[in-house]
Structure formats: structure tokens, C-alpha cells
Amino acid sequence: MSAGDVLFEFVQMGQQMRGAAIDEATGTEVVVITPLNATKLQMQRVAMAKLKRKLEQGTAASAPVSGKFA
């Protein structure tokens, strides 16, 4: 995955920063909460690491779920 394949969004929420990383190819999104004083690069690294982890786990967890849900 190259850096061009991921979209980042950062929004300040009080004394925290909400960061989202979205994989363009799959539409997979992760959200991280970081301190307000973290640098943009630090926030991107945390979000990217979480996204990579989710994408790696997603291949095994993509089996359809059967059953009834209320």
C-alpha cells in the first residue's frame, strides 16, 4: 500500500484530535484519538498502522456471518 492510496482526515474535538484513515481501494476506515499536541506525522503514523493491521486481519475476518440478528 502506498501513501497515495490512503486518505486522512483530522478533526479537533475538545482537547483531543480525531483522526481517520481510509483505504481508497477497499473503503476500509479506521479512527484514532490522539492528543492535541501530537504532530500531523505522528497522527498519520498511528492511523496508518491501525489501518494496515485492520486490512491484514480483514482477509481472515471477511467470511460471511450467518444467523439471525434482532
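Calculation notes
- Residues numbered from 1 in each chain as written.
- Predicted model: local features only at pLDDT ≥ 70, side-chain atom pairs only at ≥ 80, totals over all residues.
- Heavy atoms only, no water.
- Pairing = 2+ DSSP bridges.
- Helix = DSSP H or I, 4+ residues; strand = E, 2+ residues; numbered from the N terminus.
- Axes fitted to C-alpha atoms, helices over the stretch in contact; angles between N-to-C directions.
- Core = buried A, V, L, I, M, F, W, Y, C linked by side-chain atoms within 4.5 Å.
- Buried < 20%, exposed > 50% of the residue type's maximum accessible area, 1.4 Å probe, protein only.
- Phe/Tyr/Trp six-rings, centres within 6.5 Å; stacked < 30°, edge-to-face > 60°.

Novice: What is the right way to look at the sheet that holds strand β1 (residues 6-13) in this model?
Specialist: In a beta sheet, neighbouring strands are held together by backbone hydrogen bonds and run either parallel or antiparallel to one another. Ordered by their spatial adjacency, three strands build an open sheet running β1-β2-β3, and the pairing between neighbours is antiparallel. Single-partner strands in this sheet number two, and they are β1 and β3 (29-35). Adjacent strand axes in the sheet meet at a mean angle of 20°, parallel and antiparallel pairs treated alike. Relative to β3, strand β2 (residues 16-23) runs antiparallel, the two being bridged by seven bridges. Considered in β3, the bridge of I22 is made with E29.

Novice: Can you help me understand the nonpolar core in this one?
Specialist: As a rule of thumb, soluble globular proteins bury nonpolar side chains together. With seven residues, the main nonpolar core is built from V6, A21, V30, V32, A47, M48 and L51. Looking at this core, the elements that each hand over two or more residues are β3 and α1 (40-58). Ranked by residues supplied to this core, first place goes to α1 with three residues.

Novice: Can you help me understand the packing of aromatic side chains in this one?
Specialist: For any pair of aromatic rings, the description rests on two quantities: the centre-to-centre distance and the angle between the ring planes. In total, this model carries one aromatic pair according to the counting rule given. Aromatic side chains F8 and F10 sit 6.3 Å apart centroid to centroid with 5° between the ring planes, which places their arrangement in the stacked category. Residue F8 is classed as partly exposed on the basis of its relative accessible area, which comes to 30%.

Novice: So what exactly am I meant to see when it comes to the pairing of β2 here?
Specialist: Note on strand geometry: in a regular strand, side chains alternate between the two faces of the sheet. In the sheet, β1 pairs with β2 via eight bridges, with the strands oriented antiparallel. By the bridge assignment, F10 is partnered in β2 with G19. Taking the residues between adjacent antiparallel strands as the criterion, β1 and β2 are bridged by two residues, where G14 takes a positive phi near 65°. Connecting β2 to the antiparallel partner β3 that follows it, the hairpin turn spans five residues, and G27 within it adopts a positive phi of roughly 80°.

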